[in-house]
Amino acid sequence: MAEWLVSENIGEHRALLKDGHHVLAAQIDWPGELAPGLVEDALLVKREKGTARGRALFDSGEEALVDRLPREASEGERIRLRVTRSAAREVGRNKLAQARPTDEEPCKAPSLAKQLDAKVVSTFYRDNWAEVWSAAWEGKWQFPQGELTFHPTPAMTLIDIDGDLSPRSLALAAVEPLATAIGWMGLAGSIGIDFPTLADRADRKAVDAALQTALVHWPHERTAMNGFGFVQIVARMERPSLLHRLHFDRTGASARYAINHAAELAGPGVTQINAHPTVIAAMRDDWLAELDRRTARKTELKSDPALAISGWHAQVVQP
């Protein structure tokens, strides 16, 4: 039976949906940002004239877009809001979090474990998360005689399908890997899939039927394949996907991975992390303090501009 497992790591919470040894889906949360379910009073800093929309400043210093504002709400007033979606980075801009007015009592956002009704574990089997992380980092998913490539864009996540099979065979062969990859990367929102062009309507219907079966477990809406092989999927999005996190904040993602890898190393000595200078710069002081606390070791950072962003190395050395 499939079960969500959550590991509450330094700077990030990781979630895997597992059925035995098989990973079905993944999610990631970076605590400290506005998150769905947070109820808090915030300052309404801007109201768009003639609309029910505006922008609010929370006590954390993060802003959110607000809709459904009551008529009496005016700029400069504090208003109680419920966050409905986390902020998301995109090419050239950041999408602010979203919130709506509420009469609920103030409360913190539920943890990722609570949202998923998950079992909290100390850590995952390392290869599980490494494989999931690598797929999202590369934005690629290979299957026999084909490959999926993922492109996060401001409009939607685009998925391109390439391979050596005939168009019909390639389209059908891509369906199961596609469903698995969508789960592993935690995709939601608007997703566009560029299948090979299928001129025959019967071929397009066969792919539609295969998608229906492969995605039956996942709440979404989907268009039928058009004459150019394009399918659009829309699913509710509350937080950035693993793909988006790793694509739009590569130094932050790599810094978190390096620190949490170091936290799993055993033995006395000094924790030494070698990484690219931008990755070192992304390591927050509170994360490093928590690393020292968890390992009962001091941490030494070494900057190496010759390393790739993902090419960090962590080890325990004798002082």
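Here the structure is shown first, and the text comes after it.
Residues numbered from 1 in each chain as written. Predicted model: local features only at pLDDT ≥ 70, side-chain atom pairs only at ≥ 80, totals over all residues. Heavy atoms only, no water.

A.B. asks: Would you explain the overall build of the protein in this entry?
C.D. replies: When its secondary structure is counted, the protein shows eight helices and 20 strands. Scaling as 2.2 N^0.38, a compact globule of 319 residues should have a C-alpha radius of gyration of about 20 Å, and the protein matches this with 22 Å. Principal-axis analysis of the C-alpha atoms places the extent of the protein at approximately 65 × 60 × 40 Å. Considering the protein as a whole, with its 319 residues, one finds that 46% of them fall into the buried category. Within the protein, residue pairs in contact and separated by at least 24 positions form 67% of the contacts whose partners lie at least 6 positions apart. Put simply, the protein shows about 16,200 Å² of open surface, and 51% of that area lies on carbon and sulfur atoms. (Helix = DSSP H or I, 4+ residues; strand = E, 2+ residues; numbered from the N terminus. Rg over C-alpha atoms; globule rule 2.2 N^0.38 Å. Buried < 20%, exposed > 50% of the residue type's maximum accessible area, 1.4 Å probe, protein only. Contact = heavy atoms within 4.5 Å. Areas by Shrake-Rupley, 256 points an atom, 1.4 Å probe, with all protein chains shown as cover.)

A.B. asks: Quick question: what am I supposed to make of the sheet that holds strand β11 (residues 119–121) here?
C.D. replies: To summarise the sheet geometry, strands pair through backbone hydrogen bonds and adopt either a parallel or an antiparallel arrangement. Strand order in this open sheet of four strands is β3-β2-β1-β11, and the pairing throughout is mixed. Sheet topology places β3 (22–29) and β11 at the edges, where each strand pairs with a single neighbour. Mean inter-strand twist for the sheet, computed between neighbouring axes without regard to direction, equals 30 degrees. (Pairing = 2+ DSSP bridges. Axes fitted to C-alpha atoms, helices over the stretch in contact; angles between N-to-C directions.)

A.B. asks: Just checking my understanding: could you explain unusual backbone geometry for this structure?
C.D. replies: Backbone geometry at Asp117 places phi at a positive 50 degrees, although glycine is not the residue there. Among the secondary structure elements, Asp117 is positioned in the loop between α1 (112–116) and β11. Positioned with a positive phi, Gln145 is a non-glycine residue whose angle comes to about 65 degrees.

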